[in-house]
Amino acid sequence: MDTSSSGGGKKHQGTKSKKLSTRVDMTPMVDLGFLLITFFMLTTTMAKPKTMDLIMPKDTEKEEEQNKVKESTALTILLGKKDQVYYYEGLAQDPNASSNPDFFKATTFANTGGIRDIIIKKRDEVAQLRNAKGQPEDVVVIIKADDGATYANFVDLLDEMAINRIQRYATVDITDQDRQWIKSTETANGIQ
């Protein structure tokens, strides 16, 4: 049966529509992918945290394996409460060694006359000793923090070590004698 309206009696079969292939051009997607990869690689390398490298000695109980510090090259810095900084030259391991009243001194983090100037002075003194004796010696700074010291002051002191190119420094637990000196100095200066 022919339902077409064409008149000539010819049989018309239904026309088939051509199926076109849908081609998606992926070139812009590849370009976008490479741009995103490049962007994230650059931003992750820029977002690295800035840290200070610390070389810590190994813990040991044996006396002969511990690092020894000469009294003449040591500078001991103590951090107290309310941004106070105290220092003395040497190690002062003997409580009776400080017969001099000017042995234990107080200073601040000020740019002039502060702890930076003390470190520079000690570094220069040790350099003169090194040149006179011909020995490879360097300043050793021993850092002790009291219970009232702040983390910011400790970081500021580590920054001073980096600024003044002090390569040998150590953080040590504060002794009872050091606490006593800090307390007597704070009492004399009216710091509560």
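Our structure is the block above this text.
Each chain has its residues counted from 1, following the order in which its sequence is written. In keeping with the model being predicted, local features are shown solely for residues with a pLDDT of at least 70 and side-chain atom pairs are shown and tallied solely at 80 or more, while totals for entire chains, interfaces and linings include all residues. To obtain the side-chain values, all non-hydrogen atoms of the structure were used and water was disregarded.

Participant: Lay out the overall build of the protein with the relevant residues and their values.
Facilitator: Secondary structure summary: the protein contains four helices and five strands in total. Strands here are runs of E lasting at least two residues and helices are runs of H or I lasting at least four, both read from the DSSP assignment and numbered beginning at the N terminus. When the elements of the protein are put in sequence order from the N terminus, they spell out α-β-β-β-α-β-α-β-α. The buried label goes to any residue with under 20% of its type's maximum accessible area, the exposed label to any with over 50%, and the partly exposed label to all in between, with areas taken from a 1.4 Å probe on protein chains only. Counting over 192 residues, the protein shows a buried share of 27%. Accessible surface, the protein: about 14700 Å² in total, of which carbon and sulfur atoms supply 54%. All accessible areas in this document rest on Shrake-Rupley with a 1.4 Å probe, and a residue is counted as covered only by the protein chains that are shown.

Participant: Help me get a handle on the packing of aromatic side chains, residues and values and all.
Facilitator: Stacked, edge-to-face and tilted are the three classes for Phe, Tyr and Trp ring pairs, Trp counted by its six-membered ring, which pair at centre distances within 6.5 Å; planes under 30 degrees apart are stacked, over 60 edge-to-face, the rest tilted. Under the defined criterion, the tally for this structure stands at two aromatic pairs. Between F39 and F40 the ring centres are 5.3 Å apart and the planes differ by 70 degrees, which places this aromatic pair in the edge-to-face class. Judged by centre distance (5.5 Å) and plane angle (80 degrees), the ring pair of Y88 and W181 falls under edge-to-face. Placement of Y88 in strand β2 (residues 85-89) and of W181 in helix α4 (residues 176-189) is noted, with a sequence separation of 93 residues between them. An identical accessibility class is assigned to Y88 and W181; each is buried.

Participant: Quick one: what's the story with the side chain of T107, residue by residue and with numbers?
Facilitator: Here T107 is to be found in strand β3 (residues 105-107). Overall, the relative accessible area of 9% leaves T107 in the buried class. Contacts were defined at the residue level, with two residues in contact if any of their heavy atoms lie within 4.5 Å. T107 has contacts with Q84, V85, Y87, G113, G114 and I115, leaving out every residue within four places of it along the chain.

Participant: Lay out the sheet that holds strand β5 (residues 168-171) in plain terms, naming residues and giving numbers.
Facilitator: Pairing between two strands requires that DSSP report at least two bridges joining them. Reading across the sheet, the five strands line up as β3-β2-β1-β4-β5 and stay open at both edges, with mixed pairing between neighbours. At either margin of the open sheet sits one strand with a lone partner, and together these are β3 and β5. Averaged over all pairs of adjacent strands, the angle between strand axes in this sheet comes to 25 degrees, irrespective of strand direction. Where helices are involved, their axes are fitted lines through C-alpha atoms of the stretch in contact, as for all axes, and angles between N-to-C directions lie from 0 to 180°.

Participant: An account of helix α3 (residues 151-163) is requested, with residue identities and associated values reported.
Facilitator: In this scheme, a helix's expected span is set at 1.5 Å multiplied by one less than its residue total. With 13 residues, α3 should cover 18 Å at 1.5 Å per step; its first-to-last C-alpha distance of 18 Å lies within 8% of that length. Of all the positions in α3, only N153, L157, L158, E160 and M161 are classed as buried. What you see down the axis of α3 is that its buried residues fit within an arc of 150 degrees, all on one side. Phi turns positive one or two residues past the end of α3, at R165, with a value near 55 degrees. The arc under discussion is defined with respect to the helix axis, by the directions toward the C-beta atoms.

Participant: Can you lay out unusual backbone geometry for me, pointing to particular residues and giving the numbers?
Facilitator: Trans peptide bonds make up the majority, and among non-glycine residues the majority have a negative phi. At K82, a residue that is not glycine, the phi angle is positive and equals roughly 55 degrees. With a phi angle near 55 degrees, R165 is a residue other than glycine that sits in the positive phi range. Note that R165 resides in the loop between α3 and β5.

Participant: Please provide a residue-by-residue account of the pairing of β5, values included.
Facilitator: Side chains on a regular strand alternate between the two faces of the sheet. Alignment of strand β4 (residues 140-145) against β5, held across four bridges, turns out to be parallel. Residue pairing for β5: V140 is matched across the bridge by R168. Following the backbone out of β4, through α3 and into the adjacent parallel β5, one traces a crossover that is right-handed. When the strands point away from the viewer, a crossover counts as right-handed if the path from the first strand over the helix to the second runs clockwise.

Participant: Hey, could you go over the environment of F103 for me, with residue numbers and the actual values?
Facilitator: Along the chain, F103 falls in the loop between β2 and β3. Taking C-alpha positions, F103 is 7.6 Å from E89, a pair spaced 14 residues apart along the chain.

Participant: Quick rundown of the pairing of strand β1 (residues 74-79)? Include the residues and the values.
Facilitator: Counting buried positions over the six residues of β1 gives six, a clear majority of the element. Here β1 shows a buried face lined by A74, T76 and L78 and a second buried face lined by L75, I77 and L79. For β1 and β4, the ladder comprises six bridges, and the chain directions are parallel. Residue pairing for β4: L75 is matched across the bridge by V141.

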